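Overview (structure and organization)
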Amino acid sequence: MGWLKLGNRSEIGQKALGEPYGGLKAATEDIETVSVDDSGRIDYPPVDTSLPDSQLPFISPEAIMERKSKEDGGLLIVVDKVVYDCTQFIKEHPGGEQIIKSFGGAECSWQFWRFHGPKELAEFGKPLRVGRTEGLSNKFKEPSKYVGLRRLGADEW
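In this text the structure is predicted, and so the values were computed from the model without any measurement.

Here we come to the nonpolar core. Grouped together as the largest cluster of nonpolar side chains are 16 residues, with contacts concentrated most on Leu75, Ile77, Val79, Tyr84, Cys86 and Ile100. Put simply, the parts of the chain that give this core at least two residues each are strand S6 (74-79) and strand S7 (82-85). The element best represented in this core is S6, accounting for 3 residues. Setting aside residues no more than four positions away along its own chain, Cys86 makes contact with Leu75, Ile77, Ile100 and Leu128. In this structure, Ile59, Ala63, Val83 and Leu136 belong to the second largest nonpolar core, which totals 9 residues.

Put into structure tokens, the structure is as follows:
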């Protein structure tokens, strides 16, 4: 991780990178650019799809829990500690908007993996990534995945 550059949307890009700021000089690869809207809320832009999950910018669990809808500054969900901005995607989701809205600002890994696979995550999820997080737990206990499918007393499958 590197520096975090905050500013109003109108201020982003006004100062050239590499210029000294308070005696410090930064290179472009050291700066994560995020913007702050008029309400003071941070806007998390999508990251480059080639960036590995471990190098995504960190977003606190508190900030994620505040983002439950477009009106809250965006609808963020978490799958396997990766944060996705689904604000625009909910309109395209084949399962409908309500299912994603119900997990806004929350961790929903096991629910996601029950209906989707790695192919869907790579195709639709990778462009929606905005960060990573730690410490957010799913509000629902995961039910058992399998029910016994063998005869009583059979020790082999």
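Read on, since the account is not over.
A separate point is the pairing of S7. Moving residue by residue along a regular strand, the side chains alternate between the two faces of the sheet. Both S6 and S7 contribute to a ladder of 4 bridges, which runs antiparallel. Each bridged residue has a counterpart across the sheet, and for Val78 the counterpart in S7 is Val83. Sheet analysis places S7 next to strand S9 (residues 129-132), joined by 3 bridges and oriented antiparallel. Bridge assignment links Val83 to a residue of S9, and that residue is Gly131.

For the coordinates displayed, the defined rule picks out 4 salt bridges. Here Arg129 makes a salt bridge to Asp53, at a shortest N to O gap of 2.5 Å. With Arg129 in strand S9 and Asp53 in the loop between strand S4 (42-43) and helix H1 (61-65), this pair connects stretches of sequence that are 76 residues apart.

Here we take up the packing of aromatic side chains. In the structure shown here, the tally under the stated rule is 3 aromatic pairs. Geometrically, the ring pair formed by Phe89 and Phe124 is tilted, given 6.1 Å between the ring centres and 40 degrees between the ring planes. With Phe89 in the loop between S7 and helix H2 (97-101) and Phe124 in helix H4 (residues 118-125), this pair connects stretches of sequence that are 35 residues apart. Look at Phe89 and you get buried, because its relative accessible area is 12%. Between the aromatic rings of Phe112 and Trp113, the centroid separation amounts to 5.0 Å while the plane-to-plane angle is 85 degrees, which identifies the pairing as edge-to-face.

Here the focus is the environment of Arg129. A relative accessible area of 1% places Arg129 in the buried class. Considered as a pair, Arg129 and Cys86 are 43 residues apart in the sequence and their alpha carbons are 9.0 Å apart. For Arg129, the residues in contact, after removing those within four places along its chain, are Pro45, Pro46, Val47, Asp48, Thr49, Leu51, Pro52, Asp53, Leu56, Val82, Val83 and Tyr84.

Let us look at the environment of Ser137. Structurally, Ser137 can be placed in the segment after S9. Expressed as a C-alpha distance, the spacing of Ser137 and Ala106, which sit 31 residues apart in the sequence, is 7.8 Å.

This brings us to the side chain of Arg67. Topologically, Arg67 is positioned in the loop between H1 and strand S5 (68-69). Of the buried charged residues, Arg67 lacks a salt bridge, with Glu66 as the closest side chain of opposite charge at 5.3 Å. A distance of 3.0 Å separates a polar atom in the side chain of Arg67 from the backbone oxygen of Gly73.

At Asp80, a position not held by glycine, the phi torsion is positive, near 55 degrees. Positionally, Asp80 belongs in the loop between S6 and S7. What makes Asp80 partly exposed here is its relative accessible area of 43%. Of note in the backbone geometry, Lys81 takes a positive phi value of approximately 70 degrees without being a glycine. With respect to the helices and strands, Lys81 occurs in the loop between S6 and S7. Under the relative-accessibility criterion, Lys81 is labelled partly exposed at 47%.

Rules of the game
Residues numbered from 1 in each chain as written. Predicted model: local features only at pLDDT ≥ 70, side-chain atom pairs only at ≥ 80, totals over all residues. Heavy atoms only, no water. Core = buried A, V, L, I, M, F, W, Y, C linked by side-chain atoms within 4.5 Å. Buried < 20%, exposed > 50% of the residue type's maximum accessible area, 1.4 Å probe, protein only. Helix = DSSP H or I, 4+ residues; strand = E, 2+ residues; numbered from the N terminus. Contact = heavy atoms within 4.5 Å. Pairing = 2+ DSSP bridges. Salt bridge = Lys/Arg side-chain N within 4 Å of Asp/Glu carboxyl O. Phe/Tyr/Trp six-rings, centres within 6.5 Å; stacked < 30°, edge-to-face > 60°. Lys, Arg positive; Asp, Glu negative; His and termini not counted. Polar contact = N/O pair within 3.5 Å; in protein donor to acceptor, adjacent residues only side chain to side chain.

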